[in-house]
Amino acid sequence: MAFDIDMIKKVYSQMAERVDKAREIVGKPLTLSEKILYSHLWDGKPSEAFERGKDYVEFSPDRIACQDATAQMALLQFMQAGKDKVAVPTTVHCDHLIQAKQGAAKDLQSANQTSHEVFDFLESVSNKYGIGFWKPGAGIIHQVVLENYAFPGGMMIGTDSHTVNAGGLGMVAIGVGGADAVDVMAGMPWELKFPKLIGVKLTGELNGWTASKDVILKVAGILTVKGGTGAIVEYFGPGAKNLSCTGKGTICNMGAEIGATTSTFGYDDSMERFLRATDREEIADEANKIREYLTGDDEVYANPEQYFDEVIEINLSELRPHLNGPFTPDLATPVGQLGEKAQKNDWPIKVDWGLIGSCTNSSYEDLTRAASIAQQAIDKKLKPKSDFGINPGSEQIRFTAERDGLLNVFEDLGATIFTNACGPCIGQWDRSDRKGEEKNTIVHSFNRNFSKRADGNPNTHAFVGSPEMVAAIAISGRLDFDPMNDTLVNEEGQEVKLDEPRGIELPPEGFEVEENGYVEPMKDGSGVEVKVAKDSERLQLLTPFEPIKDSEMQGMKLLIKAYGKCTTDHISMAGPWLRYRGHLDNISNNCLIGAVNAYNKKTNFVKNQLDGEYGGVPDVQREYKANGIKTIVVGDHNYGEGSSREHAAMEPRHLGVAAVLVKSFARIHETNLKKQGMLGLTFANEADYDLIQEDDTFNFVDIADFATNKPLTIEVVHKDGSKDTIKANHTYNDAQIRWYREGSALNLIKKQNA
Ligand code: F3S
């Protein structure tokens, strides 16, 4: 059985008592987010009220989900924790390592050849430690989780930032680094700063061309990529009830793009319908028994300003379809206004590709709405001007969509149906029309559109929209096309207009699948041998990090002062580097190669202070390491935004970077740095960023007194001998300071298990 009904019953049996107690302690009505948080405290029944945005709290998540790229390092770490089995139900999903090129059958075969070593490793570790394993081609982690494991009122963590997708089924589901997942797998609590709460009140009803995707594209435009940082976004109101469960999933999914800890919706009829349609009648029956505990209190939703830290209201009836981009998902433009903007910014109007799918938008409803547009192109004799690619979200969706004739519609339009996997969304795309230096535009229904994300090409301008809008734009081949007002000329020279999309929420004949790709682990896996070849270039068993000595924090050199946006993609690029996710030394050769050096505005070109020569970041860093010199990385705002991958912390740590000093951090990355036993610091005075010079040396003068709520003092020695003394803030609590002192969180777990 895929889901664990006994575990869910246990959660529900405790929920009423814990929520009632929490309401009493907090002394006011509760939001759904608070109900889930307070009913998942590590210590059980709530005994104190927590301050939002301030208190660190230990939680007890119900589930863990890992994808193949991040699972490698997470499981390599878990293997070091000295346990027989995972303490919490866990699944591994193989979806990131499959390149999209010729179509599902060939691409899957080729992935199974090129990555069999990794898939075999993940399958054997899963078997050994009681982890459910989803084979390559089974689907994208978040769709598979939504269809099989998510449940209203539950708490889940996952080693992927879009774990938040499960909020569509009323969970608090949070993306974490592998190191956090390892804690929970090992039976330890999971710590999180009690989040702030943003309420989004939805009124009205979606209509015409507007889709659930447009809700989050609009919210991203309002809140920007940083606006949700440290907060849970809770959607409510009559409009929320009018959205499908998978539509809610789409909205929650892209909450990652505004930096939100997670997003969620209260349990309602759409969720019940989805649970029943996905063979989880039992969960729906149990959820119905405690319905009022699986949504926010009435008073909260009646007067949201009193209970949320921030409230946004969106009338779905008035919402217009959007396309967000390029290069950032919060650059929101209503469809119809893009022509002028594109002209002004010199973005190519011609669209080369329309890509539909990803964990964000690959539900049955999404495919039916997009197919209704594709069908019109066929009926109205329109020849698509762009290429089409489709990634179904799971084998269950693919099988059902094929049965119901949806995939045929796309194929008739010349689309390539790629594997049920991430593909172009994670840069796993061998694009048939490589563009090189030429600026080009693509539209997709994914979530991220950072530079180089889809095809590794900085000249590709990617815009994010709903699947149906992507279909319409791809048919027209123009970024400035507005299907609500514009006409197209068909092959017979007639002017035709596309009608509004039509979708079907759930398959009328039910979901169907022949082989869903799930492998149940053995009851007793103690005899399973996990093999890692000594000469493997893709997998490497880990050696514990040595604690950083206080003496090493003197005379440190600047490795790079990163200029502007520095996401985890800049720190540890995806694409071809996914290959080395299980081999720390090899993947470290991509360390910070995408970050822009503030002194010359070039990537992967930094000064080596030992000889004055310029070189690639990893090469220069390896020289410092060889000479026993620790280094520091300096960065701008929201450093480390994007993915939850802990490689972005482990690589600098492995190579000898001891501290990262920035204007502000993205939450997951900051935690990841802490877990790996290094310093993640912020400038007490942001303007001090400008004081840092290329040849600087750093002395952490009071590192011996590293303590909670006490800024650190750094002496910055410039080339001419002059000095600046600056203060660096940190958010380390006592336990996290122990991680630093032990060399990593994992070192501490091992010590405690010994
Ligand atoms: Fe995969 Fe893209 Fe989602 S990489 S998990 S489809 S965000």
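All values reported here derive from a predicted model rather than from experimental measurement.

Can you help me understand the overall build of the protein in this one?
Tallying secondary structure elements over the protein gives 26 helices and 30 strands in all. For 754 residues, the compact-globule formula gives about 27 Å, and the C-alpha radius of gyration of the protein, at 25 Å, lands near that figure. Oriented by its inertia axes, the alpha-carbon framework of the protein measures out at about 75 × 60 × 55 Å. Within the protein, the proportion of its 754 residues that are buried is 59%. For the protein, the proportion of contacts with a sequence separation of at least 24, taken over those separated by at least 6, is 79%.

Is there a simple way to explain the sheet that holds strand E4 (residues 132-134) in this structure?
Consider a sheet: its strands pair through backbone hydrogen bonds, and that pairing is either parallel or antiparallel. Ordered by their spatial adjacency, six strands build an open sheet running E6-E5-E2-E3-E4-E21, and the pairing between neighbours is mixed. Each edge of the open sheet carries a strand with a single partner, namely strand E6 (172-175) and strand E21 (518-519). Bridging between E4 and E21 involves two bridges; their strand directions are antiparallel. Residue pairing for E21: Phe133 is matched across the bridge by Val519. Packing of helix H5 (residues 116-129) onto the sheet brings it into contact with strand E3 (90-93), E4 and E21, and relative to E4 it is tilted by some 155°.

For this particular structure, what's the right way to read the nonpolar core?
Formed by 231 residues in total, the largest nonpolar core has its most connected members in Phe410 and Ile632. Apart from the residues lying within four places of it in its own chain, the contact partners of Phe410 are Ala371, Ala374, Phe388, Ile390, Ala415 and Ile417.

How should I be thinking about the UniProt feature "domain: Aconitase A/isopropylmalate dehydratase small subunit swivel" (unreviewed entry) in the protein in this particular structure?
Mapped onto the present numbering, the UniProt feature "domain: Aconitase A/isopropylmalate dehydratase small subunit swivel" (unreviewed entry) falls on residues 556-686. From the first C-alpha to the last, residues 556-686 spans 21 Å; its make-up is 27% helix and 20% strand.

Would you explain the environment of Ile426 in this entry?
Position of Ile426 among the secondary structure elements: in the loop between strand E16 (416-417) and strand E17 (440-444). Separated by 313 residues in sequence, Ile426 and Gln113 have C-alpha atoms that sit 20 Å apart. The residues touching Ile426, leaving out its near neighbours within four places in the chain, are His96 and Ala574.

Is there a simple way to think about the domain arrangement of the protein in this case?
The accessible area lost on association of the parts is a frequent measure of interface size. Under the domain assignment, the protein is made up of domain 1 (5-315), domain 2 (322-491) and domain 3 (550-753). Domain 2 and domain 3 are separated by 37 Å when their C-alpha centres are compared. Between domain 2 and domain 3, the residue contacts involve five residues of the former and five residues of the latter. Looking at side-chain class alone, the side of domain 2 that touches domain 3 contains two nonpolar, two polar and one charged residues.

Got a minute to help me understand the sheet that holds strand E11 (residues 310-315) in this structure?
Pairing within the open sheet is parallel, and its four strands lie in the order E10-E9-E8-E11. Of all strands in the sheet, those with a lone pairing partner are strand E10 (262-265) and E11, marking the two edges. Each strand of the sheet is rotated relative to its neighbour by a mean of 20°, with strand direction disregarded. Looking at chain direction, strand E8 (residues 196-203) and E11 are connected through six bridges and run parallel. Looking at E11, one finds that Leu202 is bridged to Ile314.

So what exactly am I meant to see when it comes to the site of the ligand here?
Every one of the 14 residues lining the ligand counts as a neighbour, but Ser358, Cys359, Cys422, Cys425 and Ile426 are closest to it. Built from parts of two domains, the shell around the ligand gets at least three residues from each of domain 1 (5-315) and domain 2 (322-491).

What is the right way to look at helix H7 (residues 178-185) in this model?
Since one α-helical turn is 3.6 residues long, residues separated by three or four positions face the same way. Burial within H7 is extensive, with eight of its eight residues counted as buried. Listed as buried for H7 are Gly178, Ala179, Asp180, Ala181, Val182, Asp183, Val184 and Met185. Immediately beyond the C-terminal end of H7, within one or two residues, lies Gly187, with a positive phi of roughly 85°.

Would you mind showing me how to read the environment of Thr70 here?
Mapped onto the elements, Thr70 comes out in helix H3 (residues 68-78). The class of Thr70 is buried, set by 27 C-beta atoms lying within 10 Å. Along the sequence, Thr70 and Gly615 sit 545 residues apart, while their C-alpha atoms lie 29 Å from each other. Those residues in contact with Thr70 that lie beyond four places of it in its chain are Thr159, Asp160, Gly178 and Arg645.

Please explain the packing of H7 against helix H26 (residues 745-753) as it appears in this structure.
Between two packed helices, both the angle of their axes relative to each other and the distance between the axes serve to describe the pair. At a minimum axis distance of 10 Å, the contact between H7 and H26 shows a crossing angle of 15°. Judged by the inter-axis angle, H7 sits roughly parallel to H26. The handedness of the crossing between H7 and H26 comes out as left-handed. Across from Ala179, Val182 and Asp183 in H7, the residues of H26 making contact are Ala745, Leu746 and Ile749. Here the contact of H7 with H26 is built from residues that sort into five nonpolar, no polar and one charged.

Can you walk me through H5 in this structure?
With 14 residues, H5 extends 20 Å between its outermost C-alpha atoms, agreeing within 8% with the 20 Å of an ideal straight helix rising 1.5 Å per residue. Turning to H5, its buried residues are Val118, Phe121, Leu122, Glu123, Val125, Ser126, Lys128 and Tyr129.

Looking at this structure, how should I read the confidence of the model for the protein?
Detailed reading of the predicted coordinates is not advisable wherever pLDDT falls low. Taken as a whole, the protein shows an average pLDDT of 96; of its residues, 100% reach a score of 70 or greater. Both confidence scores are given for the complex: pTM 0.87, ipTM 0.98.

What am I meant to see in the pairing of strand E9 (residues 231-236) here?
Side-chain direction in a regular strand flips from residue to residue, so the side chains alternate between the two faces of the sheet. Judged by how many residues are buried, E9 sits mostly within the fold: six of six residues are covered. Along E9, one buried face is formed by Ala231, Val233 and Tyr235 and the opposite face, lined by Ile232, Glu234 and Phe236, is buried too. Across six bridges, E8 lies against E9 in parallel orientation. Following the sheet pairing, Lys196 is matched in E9 by Ala231. Each parallel crossover has a hand, and for E8 linked through helix H8 (residues 212-223) to E9 it is right-handed. Where E9 lies against E10, four bridges are found, and the strand directions are parallel. Paired with Glu234 across the strands is Thr264, a residue of E10.

Cut-offs used in this document
Residues numbered from 1 in each chain as written. Predicted model: local features only at pLDDT ≥ 70, side-chain atom pairs only at ≥ 80, totals over all residues. Helix = DSSP H or I, 4+ residues; strand = E, 2+ residues; numbered from the N terminus. Rg over C-alpha atoms; globule rule 2.2 N^0.38 Å. Buried ≥ 20, exposed ≤ 12 C-beta atoms within 10 Å, placed from the backbone. Contact = placed C-beta atoms within 7 Å. Pairing = 2+ DSSP bridges. Axes fitted to C-alpha atoms, helices over the stretch in contact; angles between N-to-C directions. Core = buried A, V, L, I, M, F, W, Y, C linked by C-beta atoms within 7 Å. UniProt positions renumbered as here; feature names shortened; annotations may be inferred. Domains from an automatic or database assignment. Nonpolar A, V, L, I, M, F, W, Y, C, P; charged D, E, K, R; others polar. Near = placed C-beta within 6 Å. Parallel < 35°, antiparallel > 145°, perpendicular 65-115°, else oblique. Left-handed = near helix turned anticlockwise from the far one by under 90°. Expected span 1.5 Å × (residues − 1). pLDDT = per-residue confidence, 0-100. Right-handed = clockwise from strand over helix to strand, strands pointing away.

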